[in-house]
Amino acid sequence: SGIKDLFAGDFYIGTALSGRDVQNQSQELMVPLRSNFNSLSPENLLKWQSIHPEPDRFNFDRADRYVEMGEGMDSHLVGHTLVWHKQTPDWVFQHKDGTGRSREELSFLMKSHIQMVMRRYKGRIDIWDVVNEAFTDDGQFRRSTWFNVLGEDFIKLAFEAAHKIDPQAELYYNDYNVWKPKKTDGILSFVSRMREEGVEIHGIGMQCHLGLEYPTIGQLEEAIQKIVDRGFNISITELDIDVLPNPSGRQGADIDANFPYEAQYDPYQNGLPNELKEMLANRYRDIFKLFLKYKDHIDRVTFWGVRDQDSWLNNWPIPGRTAYPLFFDQDYRLKKYLFDKLLHLKKT
Ligand code: G3I
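For the protein chain, the name recorded in an unreviewed UniProt entry is Beta-xylanase, with Echinicola soli as its organism. Annotation of the protein chain in UniProt includes, under Sequence similarities (unreviewed entry), the sentence "Belongs to the glycosyl hydrolase 10 (cellulase F) family." The Catalytic activity (unreviewed entry) field of the UniProt record for the protein chain holds the comment "Endohydrolysis of (1->4)-beta-D-xylosidic linkages in xylans."

Here the protein chain averages 96 in pLDDT, and 100% of its residues register 70 or above. Scored by ipTM, the complex comes to 0.95, with pTM at 0.97.

Let us look at the pairing of strand E6 (residues 203-206). Neither face of E6 is open: one carries Gly203 and Gly205, the other Ile204 and Met206, and all of them are buried. Pairing between strand E5 (residues 170-175) and E6: four bridges, direction parallel. Its bridge partner lying in E6, Tyr173 is registered against Ile204. Considered for its hand, the β-α-β crossover made up of E5, helix H10 (residues 181-196) and E6 is right-handed. When E6 meets strand E8 (residues 233-242), the two strands line up parallel, connected through four bridges. Directly across from Gly205, in E8, lies its bridge partner Ser235.

To continue, consider the UniProt feature "active site" (unreviewed entry) in the protein chain. The feature "active site" (unreviewed entry), as given by UniProt, occupies Glu238 in the numbering adopted here. Tracing the chain through its elements places Glu238 in strand E8. Sequence-distant contacts of Glu238, defined by excluding residues within four places in its chain, comprise Gln207, Cys208, His209, Thr302 and Trp304.

A separate point is the site of the ligand. Neighbouring the ligand are the residues Glu43, Asn44, Lys86, Gln87, Asn132, Tyr176, Gln207, Glu238 and Trp312. Taken together, the residues of the shell around the ligand sort by class into two nonpolar, four polar and three charged.

Here we take up the packing of helix H7 (residues 103-120) against helix H9 (residues 153-165). The contact between H7 and H9 brings their axes to 9 Å, and the two run at 30 degrees. In terms of orientation, H7 and H9 fall into the roughly parallel class. In this structure, H7 meets H9 at a crossing whose hand is right-handed. Of H9, the residues touching H7 (which contributes Ser107, Met110, Lys111, Ile114, Gln115, Met118 and Arg119) are Phe154, Leu157, Ala158, Ala161, Ala162 and Ile165.

Let us look at the environment of Leu109. Its location among the elements puts Leu109 in helix H7. Counting along the chain gives 17 residues from Leu109 to Val92, while the straight-line C-alpha distance between them is 7.1 Å.

In this section: helix H3 (residues 27-36). Taken together, the buried positions of H3 are Leu29, Pro32, Leu33 and Asn36. In a view along the axis of H3, the buried residues occupy a sector of 105 degrees, so they form one face of it. Counted as exposed and oriented over 90 degrees from the buried face of H3: Gln27 and Val31. Each element contacted by the buried residues of H3 is listed here: helix H1 (3-6), strand E1 (12-17) and helix H2 (19-24).

One finds Trp128, Val130, Ala158, Ala162 and Ile204 to be the most contacted residues of the largest nonpolar core, which totals 87 residues. With seven residues, the single largest contributor to this core is H9. In this structure, Val130 is in contact with Leu82, Val83, Ala158, Phe159, Ala162, Leu171, Tyr172 and Tyr173, ignoring residues within four places of it in sequence.

With glycine set apart, most residues show a phi of negative sign, and most peptide bonds adopt trans. The peptide bond linking His80 to Thr81 adopts the cis configuration, its omega dihedral lying at -5 degrees. Mapped onto the elements, Thr81 comes out in strand E3 (residues 76-83). We note that Asn177 has phi near 50 degrees; this positive angle belongs to a residue other than glycine. Mapped onto the elements of the fold, Asn177 is located in the loop between E5 and H10.

As a further point, take the packing of helix H12 (residues 274-293) against helix H13 (residues 336-347). Packing of H12 against H13 leaves a shortest axis separation of 9 Å and a crossing angle of 35 degrees. Judged by the sense of rotation from one axis to the other, the crossing of H12 with H13 is right-handed. For the pair formed by H12 and H13, the contact residues are Lys277, Leu280, Ala281, Asn282, Tyr284, Arg285, Phe288 and Lys289 on the first element and Tyr337, Leu338, Lys341, Leu342 and Leu345 on the second. Partitioning the contact of H12 with H13 into residue classes produces eight nonpolar, one polar and four charged.

The rules behind these values
- Residues numbered from 1 in each chain as written.
- Predicted model: local features only at pLDDT ≥ 70, side-chain atom pairs only at ≥ 80, totals over all residues.
- UniProt positions renumbered as here; feature names shortened; annotations may be inferred.
- pLDDT = per-residue confidence, 0-100.
- Buried ≥ 20, exposed ≤ 12 C-beta atoms within 10 Å, placed from the backbone.
- Helix = DSSP H or I, 4+ residues; strand = E, 2+ residues; numbered from the N terminus.
- Pairing = 2+ DSSP bridges.
- Right-handed = clockwise from strand over helix to strand, strands pointing away.
- Contact = placed C-beta atoms within 7 Å.
- Near = placed C-beta within 6 Å.
- Nonpolar A, V, L, I, M, F, W, Y, C, P; charged D, E, K, R; others polar.
- Axes fitted to C-alpha atoms, helices over the stretch in contact; angles between N-to-C directions.
- Parallel < 35°, antiparallel > 145°, perpendicular 65-115°, else oblique.
- Left-handed = near helix turned anticlockwise from the far one by under 90°.
- Arc of directions from axis to C-beta.
- Core = buried A, V, L, I, M, F, W, Y, C linked by C-beta atoms within 7 Å.

In structure tokens form, the structure reads like this:
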């Protein structure tokens, strides 16, 4: 039995797939995929840049494959993401001559995009990250082009358009650092207001790109409790834990301030030391313990990738890191030291 079986009856267990994953569908991927996950997310495949890179060029090939692959696995399916300031081509925001779009143009483009994508997968994708990362860490609206041109209305317009097309779909607002109190409060007061105005919004996606000690379980719980108190569901949408040194200095290894970060960013390229494996396993156990406490409000827990080798953290904050944030090693072997901790957690 795999991770999904451990949490059967609690929440879906998901993972994000890359373009290569859906292209190849190799056995070494498909075997662990089928036995460990019952929800799938598209890491980059459904983003605007991927499916509509130029005004006259569409590319649904990989997105279609993703949906077909999920259906073949009888998996719950996530759509990520309809409206975001990143991985959205420049032509969306400006004319060929570089001048910006008007309010009418931009809202038209946004609605058409949502209609086109959601119509194609209507009744097949279960849940959408309708808007991604529209708030800053201090709870203000991010000054993106969406916001600068359309004002805060853009979020409402997006959710309204989405609900109109697929009234059965679950519609979520998704963001990182949702646990930061000002951010949690900013998001919640806005989405609550939106819901009072009659807009359909069903839940909050907490990405959960975490460090070993940061944020604390208490900080995460405080945010989860606030979301629950406001009557929103929660999806854990992009879980991973970074054990590498980070310029923020908050991760598992220490940064020596006398040396440039670049010179010490990849200390574990030959493997993770046992004490860090233990810390990572304990951290995952504590996180899942918290999620289980709120299982009536958390519909899924999705890891941001299957194996370490494919994690975005190998490229962030700078390329060339060897990160160990996920549940599968380079050869698609489930990491026993992580799985056993969750098994034990479920038994106790
Ligand atoms: O596919 C091209 C390739 O053709 C090109 O040669 C290469 C050179 O840079 O880039 C490749 O594209 C990269 C793409 O990932 C696919 O690997 C982009 O540069 C790179 O920026 C992109 O990174 C993605 C990132 O979003 C971009 O914002 C990560 O894979 C993806 O994991 C990450 O996911 C986001 C979520 O959507 C939202 N929350 C945060 C999360 C982590 O940043």
